[in-house]
Amino acid sequence: MAGDEIEELVKYLARLPGLGPRSARRAVLTLMRRREALLDPLTAALTAARDSIKTCHICGNIDTQDPCAICADPRRDGSVICVVEDVGDLWALERAKALKGRYHVLGGTLSALDGIGPEELNLAGLHARCKAEGVREVILATNATVEGQTTAHYISDMLAPLSLTITRLAHGVPVGGELDYLDDGTLIAAMRSRRET
Amino acid sequence: MEAWTAEAVILDRRAHGESSAIVDFFTREHGRYGGLVRGGNARRLKPALQPGNMVQASWRARLSEHLGTATIDPGRAYAAEVLTDQVLLAGLSAMCALLKIMPERQAYPRLFDTVVVLLEALENREVWLPLFVRFELALLEEVGFGLDLTSCAATGTREDLTHVSPRSGRAVSRQAAAPYAERMFVLPAFLLSADASPEGDDVLHGLSLTGHFLERRVYRVDTSGLPAARGRFVEILRAKGVPA
């Protein structure tokens with residue numbers, strides 16, 4: 001239907017999350033039509049990103065500098081570390097401006113079924129940071145899944161000898177959520193995590 | 001067209017594409033089954049597909065040998081009940097990992113009933129831990145390697161059974177076991193009588209016993225070894241202690 005180069009572009013765009021072959025084809029058509037306004041800047045942005053993206057050696061975040069902007073920011077509270085599964089979770093917390101401390105990206109969760117053990121995660125780095133950086137509190141912000149919470153329990157045990165305050169995110173009713181529409185698991189977790197007003 | 005609907009325990013969920021998942025579940029009537037669940041990786045269904053949850057699964061395929069697709073109606077969220085309890089969460093993961101050894105598409109109704117009893121008991125850790133050992137004994141029996149704990153392998157007596165032979169899997173009386181006691185497994189009293197409650201390290205002794213035979217008779221066949229989730233569960237119990 002189109003030249004090899006265009007088909008190649010469609011093929012790669014279709015691999016991105018949220019895009020299928022049809023939507024990738026529409027995106028490519030738009031890029032073709034708006035070459036100067038979209039295609040050229042996009043090409044330049046992709047090349048620049050490819051050349052400058054780095055993984056922060058301290059926390060595992062992805063940024064264009066190492067250490068990342070969060071680790072390098074002196075206004076951040078270095079005594080609080082929030083542990084997240086992936087960079088996407090870190091970005092979500094940053095978007096919400098939910099934390100003034102620093103982060104630590106594990107790069108996944110413990111998963112016996114997928115053969116992911118403690119060695120495959122960025123746990124040694126977390127232990128070293130907690131020992132060396134004057135950390136007071138570690139917030140375990142892993143997902144409320146069996147694997148996420150198994151990982152949280154593991155980290156809790158790992159850090160127990162360091163006498164830190166270890167907290168985890170609350171599980172329960174989301175803001176704007178109506179009880180009638182919540183799944184049973186969330187309701188059970190919310191009921192178990194209830195607190196005195 | 002092949003199709004059925006049944007109560008199922010979720011054993012595992014793997015993302016397939018962006019929003020679908022391949023889900024492994026265990027049913028009473030049809031045994032362990034897999035199926036593609038559309039939307040299984042999306043926000044609405046993900047909570048229901050946590051390992052250990054009970055759901056209503058409707059499976060269908062054009063031919064019986066196909067993977068098939070399944071639709072899931074959420075049921076009881078057992079996983080959510082134990083998310084904050086390290087021991088029970090590890091135990092639930094171990095249970096699901098162990099059930100994945102069962103052959104696909106063969107019904108094991110008694111084992112399913114044992115699993116349901118185990119899930120129902122999740123609220124009480126003291127009851128749950130000995131039940132988990134019984135579940136492992138039931139699993140051994142269902143796959144054809146049940147232990148014989150009814151009489152002494154050496155003398156035939158049914159009294160004072162205190163050990164199990166690591167080779168034969170048969171009970172041995174205190175007197176007959178005395179010269180070899182160090183090489184034998186301790187047989188906890190709660191495995192001989194439903195009325196007996198575990199004391200001290202009984203649960204750990206029970207797990208050593210079932211773990212040995214699961215590894216030797218079931219998992220050695222495919223050289224994979226016992227599931228890591230079970231190892232982690234036992235490790236946690238050893239570290240934290242078992243409530244008597």
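Values in this document were obtained by computation on a predicted structure and should not be read as measured data.

Conventions we followed
Residues numbered from 1 in each chain as written. Chains lettered and ligands numbered in written order. Predicted model: local features only at pLDDT ≥ 70, side-chain atom pairs only at ≥ 80, totals over all residues. Heavy atoms only, no water. Helix = DSSP H or I, 4+ residues; strand = E, 2+ residues; numbered from the N terminus. Rg over C-alpha atoms; globule rule 2.2 N^0.38 Å. Buried < 20%, exposed > 50% of the residue type's maximum accessible area, 1.4 Å probe, protein only. Pairing = 2+ DSSP bridges. Axes fitted to C-alpha atoms, helices over the stretch in contact; angles between N-to-C directions. Contact = heavy atoms within 4.5 Å. Buried area = accessible area lost by both parts, 1.4 Å probe. Salt bridge = Lys/Arg side-chain N within 4 Å of Asp/Glu carboxyl O. Polar contact = N/O pair within 3.5 Å; in protein donor to acceptor, adjacent residues only side chain to side chain. Expected span 1.5 Å × (residues − 1). Core = buried A, V, L, I, M, F, W, Y, C linked by side-chain atoms within 4.5 Å. pLDDT = per-residue confidence, 0-100. Patch = residues over 30% accessible without salt bridge, like charges linked within 9 Å, V, L, I, M, F, W, Y side chains within 5 Å. Areas by Shrake-Rupley, 256 points an atom, 1.4 Å probe, with all protein chains shown as cover.

**Student:** Got a minute to help me understand the overall build of chain B in this structure?
**Tutor:** In terms of regular secondary structure, chain B is built from seven helices and eight strands. Taken over the C-alpha trace, chain B has a radius of gyration of 19 Å; the compact-globule value for 244 residues is 18 Å, and the two agree within 12%. With respect to the principal axes defined by its C-alpha atoms, chain B has extents near 60 × 40 × 30 Å. Every one of the 244 residues in chain B was classed for burial, and the buried ones make up 52%.

**Student:** What am I meant to see in the sheet that holds strand β6 (residues 161–164) of chain B here?
**Tutor:** The strands making up a sheet associate through backbone hydrogen bonding, with each pair oriented either parallel or antiparallel. Residue and element names in this part refer to chain B. Taken together, the three strands give an open sheet; going across it, the order is β7-β6-β8, and neighbouring strands pair in antiparallel fashion. Two strands lie at the open edges of the sheet, namely β7 (171–173) and β8 (185–186), each paired on one side alone. Here β6 runs beside β7; their pairing, made up of three bridges, is antiparallel. Residue His 163 lies in a different strand from β7, and its bridge partner there is Val 172.

**Student:** Just checking my understanding: could you explain the sheet that holds strand β3 (residues 77–84) of chain A for this structure?
**Tutor:** Residue and element names in this part refer to chain A. With parallel pairing, four strands are arranged side by side in an open sheet as β4-β3-β5-β6. Because the sheet does not close on itself, it has two edges, and the strands there are β4 (101–105) and β6 (165–168). Ignoring strand direction, the axes of neighbouring strands in this sheet form an average angle of 25 degrees. Those strands touched by helix α5 (residues 87–95) are β3 and β4, and its axis lies near 160 degrees from that of β4. Contacting β3, β4 and β5 (137–140), helix α6 (residues 123–132) crosses the sheet at an angle of about 155 degrees to β4.

**Student:** In this structure, what is going on with the interface of chain A and chain B? I would like to understand it.
**Tutor:** Where interface size is quoted, it is often the accessible area lost as the parts come together. Taken together, the contact pairs 22 residues of chain A with 25 residues of chain B. Counting the surface lost from both chain A and chain B, the interface buries some 1,900 Å², and carbon and sulfur atoms represent 58% of this. At the junction of chain A and chain B, the tally comes to three salt bridges. The residue Lys240(B) makes a salt bridge to Asp157(A) at a minimum N-O spacing of 2.9 Å. Linking chain A to chain B there are six residue pairs in polar contact (both at pLDDT 80 or more). Elements with a contribution of two residues or more to the side of chain A that touches chain B: α7 (146–159) and α8 (184–192) of chain A. Counting residues per element, the side of chain A that touches chain B draws most heavily on α7(A), which supplies six residues.

**Student:** How should unusual backbone geometry be read in this particular structure?
**Tutor:** Residues and elements named next belong to chain A. Looking along the chain, the bond that leaves Asp 66 and enters Pro 67 is cis, with omega of 0 degrees. Note that Pro 67 resides in the loop between β2 (62–63) and α4 (69–72). The phi dihedral of Lys 97 is positive, around 50 degrees, even though this residue is not glycine. Within the element layout of this structure, Lys 97 appears in the loop between α5 and β4. With a phi angle near 55 degrees, Ser 163 is a residue other than glycine that sits in the positive phi range.

**Student:** Would you take a moment to explain helix α7 (residues 228–240) of chain B for this structure?
**Tutor:** Because each turn of an α-helix spans 3.6 residues, side chains separated by three or four positions end up pointing in the same direction. All names here are of chain B. The terminal C-alpha atoms of α7 lie 18 Å apart, and with 13 residues this matches the ideal 18 Å at 1.5 Å per residue to within 8%. Every buried residue of α7 is listed here: Ala 229, Arg 230, Arg 232, Phe 233, Val 234, Ile 236 and Leu 237. Of the residues trailing α7, Gly 241 is marked for its positive phi of about 85 degrees.

**Student:** Could you clarify how one ought to interpret the nonpolar core in this entry?
**Tutor:** One broad rule of soluble globular proteins: the nonpolar side chains tend to lie buried together. Met95(B), Leu99(B), Phe132(B), Phe135(B) and Phe233(B) are the most contacted members of the largest nonpolar core, which totals 65 residues. Counting 18 residues, the second-largest nonpolar core is a separate cluster that includes Ile10(B), Leu49(B), Ala57(B) and Trp59(B).

**Student:** Can you help me understand the confidence of the model for chain B in this one?
**Tutor:** For any part of a model where pLDDT is low, the fine detail of the predicted coordinates should not be relied upon. In the predicted model, chain B carries a mean pLDDT of 91, and 98% of its residues have values of at least 70. Reported confidences for the modelled complex are a pTM of 0.87 and an ipTM of 0.84.

**Student:** How do you make sense of a nonpolar patch on the surface when you look at a structure like this?
**Tutor:** Together, Ile53(A), Ile62(A) and Trp91(A) give the surface a local cluster of nonpolar side chains, amounting to about 310 Å² of exposed area. By the element assignment, Ile62(A) lies in strand β2.

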